[in-house]
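Spelled out from the first residue to the last, the chains are:
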Amino acid sequence: MSILHRRMKVDRSFRAQEEPALSLFTSLLLAALIAADEPRTLARAEGYVGCWYSIGATKDEYKFKYSGGLATYPQQQSPIAIYDAPSNRTFFVYGGADPARKSILHMVSYYDHATGTVPRPAILLDKKTGDAHDNPCLAIDAEGYLWIFSNAHGTARPSFIHRSVAPRSIDAFEKVVETNFSYGHPWYVPGRGFLFPHTKYKSGRGLRFATSPDGREWAEPTPIAHIDQGDYQVTWAREGTVATVFDFHPKPLGLDARTNIYYLQTRDFGASWTRADGRPVPLPLTEPDNPALVRDYQAEGKLVYLKDLNFDAEGRPVVLYLTSKGHLPGPEQGPHEWHTARWDGREWVVRPFTTSDHNYDHGSLSIEPDGLWRVIAPTEPGPQPFGTGGDMVMWTSADQGASWTRVKQLTADPVRNHTYARRPLNAHPDFYAIWADGDARERSESSVYFTDRLGARVRRLPIQMTAEHQAPEEVAW
């Protein structure tokens, strides 16, 4: 059998989920043995327009389970923005909208900190779907090449991995492979290569990881967890440590009953996984009661919506999350309570943070070198109360989450809710969070925004550019 024939057979098995023994990374390995597609110079868009997406019609005043401008959605895949010191640029990817507003375009661009401008965003590909779960994520390797991982929501559509033709450039990309994966987290570990946590859809959502020294040749994936109907995870990396915090989806509701918090980390490139206290944990995890359990929210009758994972200066993990009583929008499902869970070296310390009005109000937690915690999140209701997102607010804590200061409200939009504030890896003070806006009840246009560390300037990326490089618009409501 020829290598090409073998590759085609493997790719078909992914799309149909016919053969469990043939995996994503078998396809990647075979793909590396034949010539890749020719590098392609990317077309440029006229400006920055985000996608709008909805899911779960509710047939009530709230219209959808969640909806809105979801260009930076979801938190179950990361990172989507990275500050690169050698170029003094923050590179980022997002889900853009095609001119007809029917399909998601995978977009890549950067903010140039020296000039204060952005170029016309580059169009990597048309994902041929309006499903924002397919949005891309980003990695940068040791030589400065950009790697874009284009996800798929389940197995109905392919996923892609592309690599920039030149370091620190968005001009042209080559396709490394076409295959299938969901909710990717491509972490580049210096001196080792890529460690890639992701999800495989088979009887629910199973968490796995794979490793590669160069992004082309991959080891077979290792299952991390598949508890009951599956799991969602949020990950982060710091100084060689890659960590995951995840939930589980109990029968019969599955993801609409998501609950519990689990934590695992690896400090040896996936050779072993441990709890926060260093105790090894055998994989995969398949039962709700397992050694990685941080808190049993199922016993408390609460759902868990994971928001972010970060590390303090000592390398100890901190989890940001929200709890509620149900998966549908509206006050009856509340209170929607934000919390932090911090590993203090001996135990997990859980503390309340604030409240908001929707399960999918998403924000990010930054932990700064002096120990200050900073959250940017849509904790104000916005023009569509009890809808996804709201108005962005900056919060800080100087005592590891024991108390919080509401520093300032960043937006006061009379028309659209703002949501999914995402923080860049190695964030520069001038580009500290990126998010999008959108009507949470009806399909609308969507713009993309970013803010500096102190919230002094909120800027909107140009919707219609008049030059090849242009300064973002400073916004004040």
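Residues numbered from 1 in each chain as written. Predicted model: local features only at pLDDT ≥ 70, side-chain atom pairs only at ≥ 80, totals over all residues. Heavy atoms only, no water.

1. Section: the overall build of the protein
To be explicit about the condition: Segments assigned H or I by DSSP are reported as helices when at least four residues long, segments assigned E as strands when at least two residues long, and all are numbered from the N terminus. Here the term buried applies to any residue with accessible area under 20% of the maximum for its type, exposed to any over 50%, and partly exposed to those in between, with areas from a 1.4 Å probe on protein chains only. Here a residue-residue contact requires only that any non-hydrogen atoms of the pair lie within 4.5 Å. Using a 1.4 Å probe, the Shrake-Rupley method yields the accessible areas, and only the shown protein chains count as cover for residues. His residues and chain termini do not enter the charge count, which takes Lys and Arg as positive and Asp and Glu as negative. The atoms used to mark charge sites are NZ of Lys, CZ of Arg, CG of Asp and CD of Glu.
Check the secondary structure of the protein and you find 2 helices and 35 strands. Its C-alpha atoms give the protein principal-axis dimensions of about 60 × 55 × 50 Å. Expressed as a percentage of the 477 residues in the protein, the buried residues total 64%. Partitioning the intrachain contacts of the protein with sequence separation of at least 6 by distance along the chain shows that 54% fall at a separation of at least 24. Surface exposure of the protein reaches about 17,500 Å², of which carbon and sulfur atoms provide 50%. Taken as two groups, the 52 positive and 57 negative side-chain charges of the protein have centres that lie 2 Å from each other.

2. Let's talk about the environment of T379
Position of T379 among the secondary structure elements: in strand 27 (residues 373-380). Placed 297 residues apart in sequence, T379 and I82 show a C-alpha to C-alpha distance of 25 Å. Setting aside anything within four residues of it in sequence, one finds T379 in contact with W338, T354, T355, S356, D391, V393 and W395.

3. Quick word on the pattern of salt bridges
To keep it simple, the criterion reads: When a carboxyl oxygen of Asp or Glu is within 4 Å of a side-chain nitrogen of Lys or Arg, the pair counts as a salt bridge.
As enumerated under the stated definition, the model contains 29 salt bridges in all. Of the charged contacts, one joins R423 and D308 as a salt bridge, the two residues approaching to 2.7 Å between their closest N and O atoms. Placement of the pair is R423 in the loop between strand 30 (417-422) and strand 31 (433-438) and D308 in strand 22 (residues 303-311), with a sequence separation of 115 residues. Exposure remark for R423: the relative accessible area of 8% places this residue in the buried category. Here E473 makes a salt bridge to R460, at a shortest N to O gap of 3.0 Å. With a gap of 13 residues between them, E473 in strand 35 (residues 473-475) and R460 in strand 33 (residues 458-460) connect regions that are remote in the sequence. Here R460 falls in the buried class, since its relative accessible area comes to 19%. Within this structure, K127, D131, D134 and R157 form a network of salt bridges that share partners.

4. A look at the sheet that holds strand 26 (residues 364-367)
Threshold: A pair of strands is treated as paired once DSSP finds two or more bridges between them. For helices, the fitted line uses only the C-alpha atoms of the stretch in contact; every axis is such a line through C-alpha atoms, and the angle between N-to-C directions lies from 0 to 180 degrees.
Strand order in the open sheet formed by 4 strands is 26-27-28-29, and the pairing between neighbours is antiparallel. A single partner strand is all that each edge strand has here, and the edge strands are strand 26 and strand 29 (405-409). Neighbouring strand axes in the sheet, compared pairwise and without regard to direction, differ in orientation by 25 degrees on average. Strand direction decides the pairing type here: strand 28 (residues 391-397) and strand 29, joined by 4 bridges, are antiparallel. In the strand pairing of strand 29, V393 is matched with Q409.

5. Describing the pairing of strand 23 (residues 317-324)
Of all 8 residues making up strand 23, 8 are buried, and the element is well covered by its neighbours. Residues P317, V319, Y321 and T323 line one face of strand 23 and the alternating positions V318, L320, L322 and S324 line the opposite face, and both faces are buried. Sheet topology places strand 22 next to strand 23; 8 bridges connect them, and they run antiparallel. Following the sheet pairing, L306 is matched in strand 23 by Y321. The hairpin formed by strand 22 and strand 23 contains 5 residues between the paired strands, and G315 there has a positive phi angle of roughly 80 degrees. Where strand 23 lies against strand 24 (residues 336-343), 6 bridges are found, and the strand directions are antiparallel. Counterpart to Y321 in the pairing with strand 24 is H339.

6. A few points about the environment of A276
Among the structural elements, A276 can be located in the loop between strand 20 (259-266) and strand 21 (293-295). Ignoring any residue separated from it by four or fewer positions in sequence, one finds A276 in contact with Y263, Q265, P317, W343 and W348.

7. Observations concerning the sheet that holds strand 19 (residues 241-248)
Read across the sheet, 4 strands follow the order 18-19-20-21 without closing on themselves; strand pairing throughout is antiparallel. On the outer flanks of this sheet lie strand 18 (233-238) and strand 21, each paired with one strand and no other. Here the strands of the sheet are splayed against their neighbours by 25 degrees on average, with no regard to which way each runs.

8. Quick notes on unusual backbone geometry
Between K251 and P252 the backbone carries a cis peptide bond, its omega angle lying at 0 degrees. Along the chain, P252 falls in the loop between strand 19 and strand 20. Looking along the chain, the bond that leaves G334 and enters P335 is cis, with omega of 5 degrees. Despite not being glycine, K63 shows a phi value in the positive range, around 70 degrees. Secondary-structure assignment places K63 in the loop between strand 3 (52-57) and strand 4 (64-69). Positioned with a positive phi, R101 is a non-glycine residue whose angle comes to about 60 degrees. A relative accessible area of 31% means that R101 is categorised as partly exposed.

9. Observations concerning the side chain of R423
Note the following rule: Side-chain atoms alone can form a polar contact between residues adjacent in sequence; in general such a contact is a pair of N or O atoms within 3.5 Å, and within protein one must be able to donate a hydrogen while the other accepts it.
Of the polar contacts made by the side chain of R423, one reaches the side chain of D308; its length is 2.7 Å. A polar side-chain atom of R423 sits 2.9 Å from the main-chain carbonyl oxygen of L365. Those residues in contact with R423 that sit more than four places away from it in its chain are W236, D308, L309, N310, S364, L365, S366, Y432 and A433.

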